[in-house]
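Summary of structural features
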There are 2 protein chains.
Amino acid sequence: MTRASRSDLHREGLIAPPGAPTPSHDGTGRVRLHFLPLERDVRVPPGVTVFDAASWNGIAIDSTCGGHGTCKKCRVRITAGSIPVSRLDVRCFTTEELQDGWRLACMAGAVSDVSVDVPPLSTRPKAATVGVGRQVILRPAIQKRYLELVEPSLQDQRPDLQRVLDALDDLELRADLHALRRLPRVLRWANFTVTAVVVDDVLVDVEPGDTTARRFALAFDLGTTTVVATLLDTSTGTPAAVASMLNLQQPFGADVITRISATMLDPAAMEHLRALAQETLSTLAAEVCAEAEVDPGEVYEVALAGNATMTALLLGIDPEPLGVAPFIMSSATWPSLRAADLGLSLHPAAPAVVFPALGAYVGGDIVAGMLASGMDRDKRLRLFIDVGTNCEIVLGDGDRIVATAAPAGPAFEGGAIRCGMRAADGAIEVVTLSEDDVGLQVIGDVAPVGLCGSGLVDAVAELVRVGLLDYSGRLVSPEDAKEIAPGLADRFCSVGAERVFVLSWRGVEAAESVYLSQRDVRELQFAKAAIATGWTLLLEEFGITQGDVQQVLLAGSFGSYLSPASAVRIGLVPKLSILRIVSAGNVAGEGAKMVLLSMQERAGAAALLREVRYVELSDRTDFNDRFVDMLAFPG
Amino acid sequence: MTRASRSDLHREGLIAPPGAPTPSHDGTGRVRLHFLPLERDVRVPPGVTVFDAASWNGIAIDSTCGGHGTCKKCRVRITAGSIPVSRLDVRCFTTEELQDGWRLACMAGAVSDVSVDVPPLSTRPKAATVGVGRQVILRPAIQKRYLELVEPSLQDQRPDLQRVLDALDDLELRADLHALRRLPRVLRWANFTVTAVVVDDVLVDVEPGDTTARRFALAFDLGTTTVVATLLDTSTGTPAAVASMLNLQQPFGADVITRISATMLDPAAMEHLRALAQETLSTLAAEVCAEAEVDPGEVYEVALAGNATMTALLLGIDPEPLGVAPFIMSSATWPSLRAADLGLSLHPAAPAVVFPALGAYVGGDIVAGMLASGMDRDKRLRLFIDVGTNCEIVLGDGDRIVATAAPAGPAFEGGAIRCGMRAADGAIEVVTLSEDDVGLQVIGDVAPVGLCGSGLVDAVAELVRVGLLDYSGRLVSPEDAKEIAPGLADRFCSVGAERVFVLSWRGVEAAESVYLSQRDVRELQFAKAAIATGWTLLLEEFGITQGDVQQVLLAGSFGSYLSPASAVRIGLVPKLSILRIVSAGNVAGEGAKMVLLSMQERAGAAALLREVRYVELSDRTDFNDRFVDMLAFPG
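Presented here is a report on the structure given in the accompanying data block. All figures in this text were calculated on a predicted structure; none of them were measured in a lab.

A word on the overall build of chain A. Counting its regular elements, chain A contains 19 helices and 29 strands. Over its C-alpha trace chain A gives a radius of gyration of 28 Å, about what one expects of a compact globule, namely 26 Å for 635 residues. In terms of its C-alpha atoms, chain A occupies a principal-axis envelope of roughly 100 × 55 × 40 Å. Burial status across chain A gives 60% buried among its 635 residues. By element, 52% of the accessible surface of chain A is carried by carbon and sulfur atoms, the whole surface being about 23600 Å². Averaging the positions of the 57 positive and the 79 negative side-chain charges in chain A gives two centres separated by 5 Å.

Below, the structure is given as structure tokens:
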């Protein structure tokens, strides 16, 4: 979507109204734009403007306003197919030029296949690199306009608001009550020389004098464990400050299920959890504003990505139906919200963009992650995996996207593992085996006290590699161990009735050391089998096999630490060259930044809800069979 | 406008999108509908539906839903001209019927002249009589729908909101956050058997079980002096309770100018005035709810009509620019507001409809009054006069409407009059003179203590009638008085240096009695001349004279008490048969009720802003000349 409202686009005939005959295209529900002289083909949903289609695909079109329809520099020529003449085209081109196909790209919604000739650049739109190497052209919802207005007189009694809106007549705005309250005094105090503050299609404020340089927004990644806030300078696209802290809801449980359970056991818990989430956000907001010396009133918009449970709790919505079958969300999308609805004291009229969710277990964090990693437009066959207690899996090829959630359980977070622990000081995070020794990398460079998720995956993968763990997941017999790796055989012990492999001795007793038990291996097998079943079923939906996957993106903080080689070896990800297995980082937070920097990306996030097909695993009759097949390690 | 949103109408091609070629019509900016078999012609703005056009003009079309598009009974046939086929038409008619011109009237927006054949009635829409004898077909914004929903399952994981909206698929709704917060618990607690509460295009709540019978709304007339609240049962259109009280802002001054001055003198006054206005509304809301045994949470919408200053103060907007030239409003219209923005604790998501204003001195109360008195559709040449310190004057003939405000000053409220007082106990409200006696009617049937506005007008009119006051406004000499009315001559006295006419003796001293002074007469002359100048200039705008006026509506409480004969005699209103001079009552409050009972009337109120031309008097170079001409009493 452009800055112009949808009704604008309807009016201009630029997008097909819902229910109108489907425009001619190739049957994928998208239209094809052929860009000249680059000879690049691009496919986008019908109605997307030529400007957006180009910038989504990294094709540069002249622009200084970023597609707001104000700079009138994004002149292109339609050489095949046609696009209706827009209201602005009439002002910018002669009749001959219009007949020759000249259009402003930012107003030109493509409803059928077209070829577009793009003149050489004379200016470049401002852009920022966000997400997984995504170039985002800056077109934030936040706009400021410096206005020198004519003072009212008996001959010109326009209301204050009308006077301001008339000076912004390229925008179609409504006013917030806050702006109306400020207008009479600010206009007169500043002698009608003011800066209008616009967010999307709302006039949120007028400020005395010229404040156009100060335009801040705040992106939140509301994780179950960790919450990250990034204060963005939307004029440059760069972070002004970043802060993170543990979610203050932690005392109610480590994962979403325990927090949902808390609300079921204690009627007061929901309100308490909401207050804690709000306090977490407020604390971070105050921190980043202080660090960047930004007045909270200069933060005009907020974006937040969180899973469905975190989002529900933040908004004061009962999460119980998310936690029990059939796993129902109150809503996939959210109404217009304000930062104040999230408990934030920023600009009083600052809106809050909260990411929508695809399902109870494929939440707004994953939608944000898909956006940041370009799952909707990268043409490669890519698999996105966010490993956690609940593991979200997405498969896309630029045309189709399918998503699912797999119940991996707590193994990757150290839960249900004898010596398991979170990724904190003392956790073994990397394990390498040689014939006679165990190499360990420990967080904080201290003596090992336990095993975190990446260490667990490494330990199992390495034992499989050297043959101390067979493909079915059974630790070999002491006799076999002696034969296979004599230098490691004395690490095969028993703790109680259970066989274990000692990773790091503490004293002489295996029970007091850091070890991996046979049951731990089983836990990991269950977890990885759930995930592998998930992506296997998604691959089947596409009719492809794991060898067809061109890239695996490991999302989330756990994804950053996981060894690609170990992930392949235990079958957590498809069997690919490890160069094709990429850590995507904190893509949820990046997605939140993107929607603040670009209205196009915001529209892209909304479009994901329509484009992604959610596949529910829990009612698949074939799930259990596949799951059992996936328990073994790949040969 | 129909219940369907504007985008609906765009989509259906039912209304001309803004900027589209103007449809053919007769040049008045309206289209003509010819109704058969009645042979009635009706003219409405393009895009208005056939159903609305009919009901605005008292032509009955079959309907039980009131035009919501749900009952599908409003079948009409277009016999000349054409109206596009709507989405609902396709479901209701055969192809042959569509070709024959059959349409649902509530979905049929007329964009060019058409003839419409209306079948005989089998049912009648519910209607209520409101305003100046207006029949309003009930189509409130508040709707309730009882729903028995299918429970979710793994095969049907629709989010709660989607489940509800799918059951309301004839409406195009968005949800309020409040409704989202309630959904998960209410749906499950009530076993998915709920009542959806919709206001306009927003789902504001879900309630357990069937609560469809309980639908209340609250209308406020926020006067500078008196505030009236009417609790409406929107299912019947009848008031459930009415209450009134003095505006608690009274201590800050009797009129808008003194209250504006208060905010200029004391920075804290504005907030204080806001709090007092809110307290006034809250007190009345509690009173009517208690009286009618309605839970405040069952009041789902509020409408409020007030003058520009009262409205600004209520919303916390600085009124100063309203009070000083060039008299500028912060805005003519208001953004979406909630009852909570007015300080009201009703349903948490209840919206508030606040009447827009035409100018700083033709406020929302007058827009409401115009609506209630049908100034926009009555074909007679009518003059609407709301007499007060600021007197609003409107002239209309069903096609054109012009409005202005005349600064009458406080005379009509007893201000600046020696023995003047408000219309309270002891005030002389009616004066009749015979040759030798003075007949008085006193409020409260007590001894007279002063003279209120209607008594003042009567006294002057009667003195003019019997010849004791000449046409220039001078009391005749004592000698002439003796000759003209010997029985009244002893009432001609002096108080100080000023000549007076004693209306009611208290003791023997004129100074202690209730009298009318020469200066009082001058004050009234100034006041009536300002008003008469106002309507004279409006008549000139129409190119007509006072004899052409077919009806004068005297609005407001003062209008109810004013003697039409006296008003004619002093030249306050055009010289007409007194049968043509009608008291319109509290039309502001009636207008507020109408917008709660009918979405069509609400659209009509919004249309008034476009249709009425505001004429500013204070910069008219001819104002003073006319004013002087108008000082004398008509011969």
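Before going further, it helps to spend a moment on the pairing of strand β26 (residues 514-517) of chain B. Residue and element names in this part refer to chain B. Here β26 shows two buried faces, one formed by V514 and L516 and the other by Y515 and S517. Of the pairings in the sheet, the one linking strand β25 (residues 498-504) to β26 comprises 4 bridges and is antiparallel in character. Bridging from a neighbouring strand, S504 pairs with V514 of β26.

In this complex, chain A contributes 45 residues to the contact, which on the side of chain B involves 45 residues. A combined buried area of about 3600 Å² lies between chain A and chain B, and 62% of that area is made up of carbon and sulfur atoms. It is L154, Q157 and R181 of chain A in chain A that bury the most area against chain B; as a group they hold 16% of the surface buried on that side. Counting the contacts that link chain A with chain B gives 2 salt bridges. When the shortest N-O distance is used, the salt bridge between R185 of chain A and D318 of chain B registers 2.8 Å. The tally of links between chain A and chain B comes to 14 residue pairs in polar contact (both at pLDDT 80 or more). Residue assignment for the side of chain A that touches chain B shows that the elements contributing at least two residues are α5 (160-166), α6 (177-189) and α8 (269-292) of chain A. Per-element tally for the side of chain A that touches chain B: the top contributor is α6 of chain A, with 7 residues. Of the residues assigned to the side of chain A that touches chain B, the class counts are 23 nonpolar, 9 polar and 13 charged.

A separate point is the sheet that holds strand β12 (residues 216-222) of chain B. Residue and element names in this part refer to chain B. The mixed open sheet is built from 6 strands, whose spatial order is β14-β13-β12-β15-β17-β16. Edge strands, defined here as strands with exactly one partner in the open sheet, are β14 (238-246) and β16 (337-338). Direction of pairing for β12 relative to strand β13 (residues 226-233): antiparallel, over a ladder of 7 bridges. Counted as the bridge partner of L222 is V227 from β13.

Screw-axis analysis of chain A against chain B gives a translation of 0.1 Å along the axis, an RMSD of 0.2 Å, and a rotation angle of 180 degrees. Here the two chains are linked by the operation of a two-fold rotation axis. With an isologous cut-off of 70% or more, the 98% of interface residues of chain A that recur at the interface of chain B puts this contact in the isologous class.

On to the packing of helix α11 (residues 364-372) of chain A against helix α18 (residues 599-611) of chain A. All names here are of chain A. Where α11 meets α18, the axes come as close as 10 Å, and the angle between the chain directions of the two elements is 120 degrees. Viewed along their axes, α11 and α18 adopt a mutual orientation that is oblique. By crossing handedness, the relation of α11 to α18 is classed as right-handed. Touching V367, M370 and L371 of α11 are E601, G604, A605, L608 and L609, all from α18. In terms of residue class, the contact of α11 with α18 is made up of 6 nonpolar, 1 polar and 1 charged.

Turning to the side chain of T536 of chain B, a few remarks are in order. Looking at the secondary structure, you find T536 of chain B in helix α14 (residues 518-542). Take T536 of chain B: its relative accessible area is 14%, and that puts it in the buried class.

Residues and elements named next belong to chain B. Following the sequence through the fold, S566 ends up in helix α16 (residues 564-570). Given the relative accessible area of 4%, S566 is considered buried. Separated by 104 residues in the primary sequence, S566 and E462 place their C-alpha atoms 7.4 Å from one another. Leave out the neighbours within four places in its chain, and S566 touches V457, D458 and A461.

In terms of nonpolar packing, the biggest core is built from 115 residues, with L218, F220, L342 and M370 of chain A touching the most fellow members. The element contributing the most residues to this core is α8 of chain A, with 8 residues. Look past the residues within four positions of M370 of chain A in its chain and what remains in contact with it is L358, V362, M375, D376, F384, V394, I401, A403, L608 and V612 of chain A. V136, L232, A241 and A584 of chain B belong to the second largest nonpolar core, which has 114 residues in total.

Attention now moves to unusual backbone geometry. With omega at -5 degrees, the peptide bond leading from L36 of chain A into P37 of chain A counts as cis. By secondary structure assignment, the location of P37 of chain A is in the loop between β1 (31-36) and β2 (40-44). The phi angle at F192 of chain B is positive, at roughly 60 degrees, despite the residue not being glycine. Looking at the secondary structure, you find F192 of chain B in the loop between α6 (177-189) and β10 (193-199).

Before going further, it helps to examine the environment of R499 of chain A. Residue and element names in this part refer to chain A. Looking at the element boundaries, R499 is found in strand β25 (residues 498-504). For R499, a relative accessible area of 24% translates into the label partly exposed. Sequence separation between R499 and G209 is 290 residues; the distance between their C-alpha atoms is 75 Å. Excluding its chain neighbours within four sequence positions, the residues that come into contact with R499 are L475, V476, S477, P478, F492, C493, S494, S517 and Q518. A distance of 3.1 Å separates a polar atom in the side chain of R499 from the backbone oxygen of L475.

Here the focus is the sheet that holds strand β4 (residues 102-104) of chain B. All names here are of chain B. One open sheet accounts for 5 strands, arranged β2-β1-β5-β3-β4; its pairing is mixed. The open sheet terminates on both sides in strands that have one partner only, identified here as β2 (40-44) and β4. Taken pair by pair, the neighbouring strands of this sheet meet at an average axis angle of 35 degrees, ignoring direction. Relative to β2, strand β1 (residues 31-36) runs antiparallel, the two being bridged by 5 bridges. When the bridges of β2 are listed, H34 appears paired with D41.

With respect to the helices and strands, Q157 of chain B occurs in the loop between β8 (142-148) and α5 (160-166). Residue Q157 of chain B is classed as buried on the basis of its relative accessible area of 19%. In this structure the side chain of Q157 of chain B is engaged in a polar contact, spanning 2.7 Å, whose partner is the side chain of E616 of chain A. With residues up to four places along the chain from it excluded, the contact list for Q157 of chain B reads P326, F327, I328, Y614 and E616 of chain A together with R163 of chain B.

Side-chain pairs of opposite charge can arise where the charged atoms are in close proximity. All names here are of chain A. As enumerated under the stated definition, the model contains 69 salt bridges over all chains in all. Of the charged contacts, one joins D156 and R163 as a salt bridge, the two residues approaching to 2.9 Å between their closest N and O atoms. Judged by its relative accessible area of 2%, R163 falls in the buried class. Between E541 and R613 there is a salt bridge; the shortest N-O distance is 2.6 Å. Within this pair, whereas E541 is found in helix α14 (residues 518-542), its partner R613 is found in strand β29 (residues 612-614), the two being separated by 72 residues in sequence. Note on E541: relative accessible area 30%, which makes it partly exposed. Judged by its relative accessible area of 43%, R613 is partly exposed.

Conventions we followed
Residues numbered from 1 in each chain as written. Chains lettered and ligands numbered in written order. Predicted model: local features only at pLDDT ≥ 70, side-chain atom pairs only at ≥ 80, totals over all residues. Heavy atoms only, no water. Helix = DSSP H or I, 4+ residues; strand = E, 2+ residues; numbered from the N terminus. Rg over C-alpha atoms; globule rule 2.2 N^0.38 Å. Buried < 20%, exposed > 50% of the residue type's maximum accessible area, 1.4 Å probe, protein only. Areas by Shrake-Rupley, 256 points an atom, 1.4 Å probe, with all protein chains shown as cover. Lys, Arg positive; Asp, Glu negative; His and termini not counted. Charge placed at Lys NZ, Arg CZ, Asp CG, Glu CD. Pairing = 2+ DSSP bridges. Contact = heavy atoms within 4.5 Å. Buried area = accessible area lost by both parts, 1.4 Å probe. Salt bridge = Lys/Arg side-chain N within 4 Å of Asp/Glu carboxyl O. Polar contact = N/O pair within 3.5 Å; in protein donor to acceptor, adjacent residues only side chain to side chain. Nonpolar A, V, L, I, M, F, W, Y, C, P; charged D, E, K, R; others polar. Least-squares fit on C-alpha atoms with pLDDT ≥ 70 in both. Axes fitted to C-alpha atoms, helices over the stretch in contact; angles between N-to-C directions. Parallel < 35°, antiparallel > 145°, perpendicular 65-115°, else oblique. Left-handed = near helix turned anticlockwise from the far one by under 90°. Core = buried A, V, L, I, M, F, W, Y, C linked by side-chain atoms within 4.5 Å.

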